[in-house]
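# Per-entry structural report
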Amino acid sequence: QQQVKQSPQSLIVQKGGISIINCAYENTAFDYFPWYQQFPGKGPALLIAIRPDVSEKKEGRFTISFNKSAKQFSLHIMDSQPGDSATYFCAASWTYNQGGKLIFGQGTELSVKP
Amino acid sequence: DTAVSQTPKYLVTQMGNDKSIKCEQNLGHDTMYWYKQDSKKFLKIMFSYNNKELIINETVPNRFSPKSPDKAHLNLHINSLELGDSAVYFCASSQEWQGLNEQFFGPGTRLTVL
């Protein structure tokens, strides 16, 4: 019930292409869905986040699409660049319960080829 | 200025030893966390502290004992280290645990148990 399932595990995209990473959850009590970006040897860093009352959020080249009825959300990276090569984690959380803990997906290793 | 710092960055030790990892944040945040990232990069919450008080213990073995001397520090002591404890441990902090608060992660401590 607390799992977040993420796919694909790895993704190779050409420079300028669109990268799409998908996540699904079961627990309808989740009400905060952030995406984190992690470069090798570094800690994860917040990229973009959404709440379930919004179906889409865009920040620059990064867009989250949220489908509440399907309990799915996805990250789209437009015009992907080699500098976007990193591991991406979706996560889910509760804004007022469970002590702030984030439930992470399994991660997607993105490689953008020049 | 480093927001969340951890020491040491690498820790190599023998099975059965006791070791500590230190974490400090200079963001003035009230809430701090420990996460474990395994060899497959899966991130899982271990503990959450708010103003030096434990608010989450995610069924972590008793060999792991977090200590928060003040709200800027959260240390992790591990007794009787086992092979399965080998992982990267991340400290994180957020303004508070309730609400839509970004978690800021430290650079991680890679623990290798031989």
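Here the structure is a predicted model, which means the values were calculated and not measured.

To continue, consider the pattern of salt bridges. Following the criterion strictly, the structure yields nine salt bridges over all chains and no others. Each of R63, E82 and D85 of chain B takes part in a single network of salt bridges with overlapping partners.

Within a beta sheet, neighbouring strands are joined by backbone hydrogen bonds and run either parallel or antiparallel to one another. Residues and elements named next belong to chain B. A sheet is described by the order of its strands in space; here four strands give the open sequence β1-β3-β8-β7, paired in antiparallel fashion. Bordering the open sheet on either side are β1 (4-7) and β7 (64-70), each of which pairs with just one other strand. Across the sheet, the mean angle separating the axes of adjacent strands is 20 degrees when strand polarity is ignored. In the sheet, β7 pairs with strand β8 (residues 73-78) via five bridges, with the strands oriented antiparallel. Looking at β8, one finds that P66 is bridged to L76.

With that out of the way, let us pick up the interface of chain B and chain A. Listed as interface residues are 24 residues of chain B and, on the opposing side, 24 residues of chain A. Overall, the association of chain B and chain A removes approximately 1900 Å² of surface from exposure, summing both partners, and the carbon and sulfur fraction of that is 59%. Ranking the residues of chain B by area buried against chain A places K41, L43 and L100 of chain B at the top, with a combined share of 27%. Where chain B touches chain A, the interface holds two salt bridges. Between E109 of chain A and K41 of chain B there is a salt bridge; the shortest N-O distance is 3.7 Å. Elements with a contribution of two residues or more to the side of chain B that touches chain A: β4 (31-37), β5 (43-50) and β6 (53-57) of chain B. Residues belonging to the side of chain B that touches chain A are distributed by class as follows: twelve nonpolar, seven polar and five charged.

A word on the nonpolar core. Residues V4, F30, F33, W35, F73, L75 and Y88 of chain A are the most contacted members of the largest nonpolar core, which totals 26 residues. Elements that contribute at least two residues to this core include exactly β2 (10-14), β3 (19-25), β4 (33-38), β5 (45-50), β7 (62-67), β8 (72-77), β9 (86-92) and β11 (108-113) of chain A. In terms of residues, this core owes the most to one element, β9 of chain A, which gives four residues. By size, the runner-up hydrophobic cluster in this structure holds 20 residues, among which are C23, A87, C91 and L111 of chain B.

This part covers unusual backbone geometry. Of the consecutive residues S7 of chain A and P8 of chain A, the connecting peptide bond is found in the cis state with omega at -5 degrees. For P8 of chain A, the position within the fold is in the loop between β1 (4-7) and β2. Here the amide bond leading from T7 of chain B into P8 of chain B is cis, since omega sits at -5 degrees, within 30 degrees of zero. Inspection of the secondary structure puts P8 of chain B in the loop between β1 and β2 (10-13). Within the chain, K71 of chain A stands out as a residue other than glycine whose phi angle is a positive 55 degrees. When you line up the elements, K71 of chain A lands in the loop between β7 and β8. Classification of K71 of chain A by relative accessible area gives partly exposed; the value is 22%. Positive phi, normally seen in glycine, also occurs at K41 of chain B, with a value near 75 degrees.

About the thresholds
- Positions within a chain are numbered from 1, following the residues in the order the chain's sequence is written.
- Numbering of ligands from 1 and lettering of chains from A proceed in the order in which they are written.
- Totals for whole chains, interfaces and linings use every residue, but because this is a predicted model, local features are given only for residues with pLDDT of at least 70 and side-chain atom pairs only at 80 or more, for both listing and counting.
- Working from all heavy atoms in the structure, the side-chain values ignore hydrogens and water.
- Salt bridge, as used here, is a side-chain nitrogen of Lys or Arg placed within 4 Å of a carboxyl oxygen of Asp or Glu.
- In this analysis, strands are considered paired if DSSP registers two or more bridges between them.
- Secondary structure elements are defined from DSSP: runs of H or I of at least 4 residues count as helices, runs of E of at least 2 residues count as strands, and each element is numbered from the N terminus.
- Lines are fitted to the C-alpha atoms to define the axes, a helix being fitted only along its stretch in contact, and any angle between axes, read from their N-to-C directions, falls within 0 to 180 degrees.
- What makes two residues a contact is simply this: any of their non-hydrogen atoms within 4.5 Å.
- What gets called buried area is simply the loss in accessible area from a 1.4 Å probe that two parts show on being joined, summed for both.
- Residues are grouped as follows: nonpolar covers Ala, Val, Leu, Ile, Met, Phe, Trp, Tyr, Cys and Pro; charged covers Asp, Glu, Lys and Arg; every other residue, Gly included, is treated as polar.
- What makes a nonpolar core is a set of buried Ala, Val, Leu, Ile, Met, Phe, Trp, Tyr and Cys residues whose side-chain atoms join them at distances within 4.5 Å.
- Burial here depends on accessible area, computed with a 1.4 Å probe over protein chains only, as a share of the maximum for the residue type. Under 20% is buried, over 50% is exposed, and the range in between is partly exposed.

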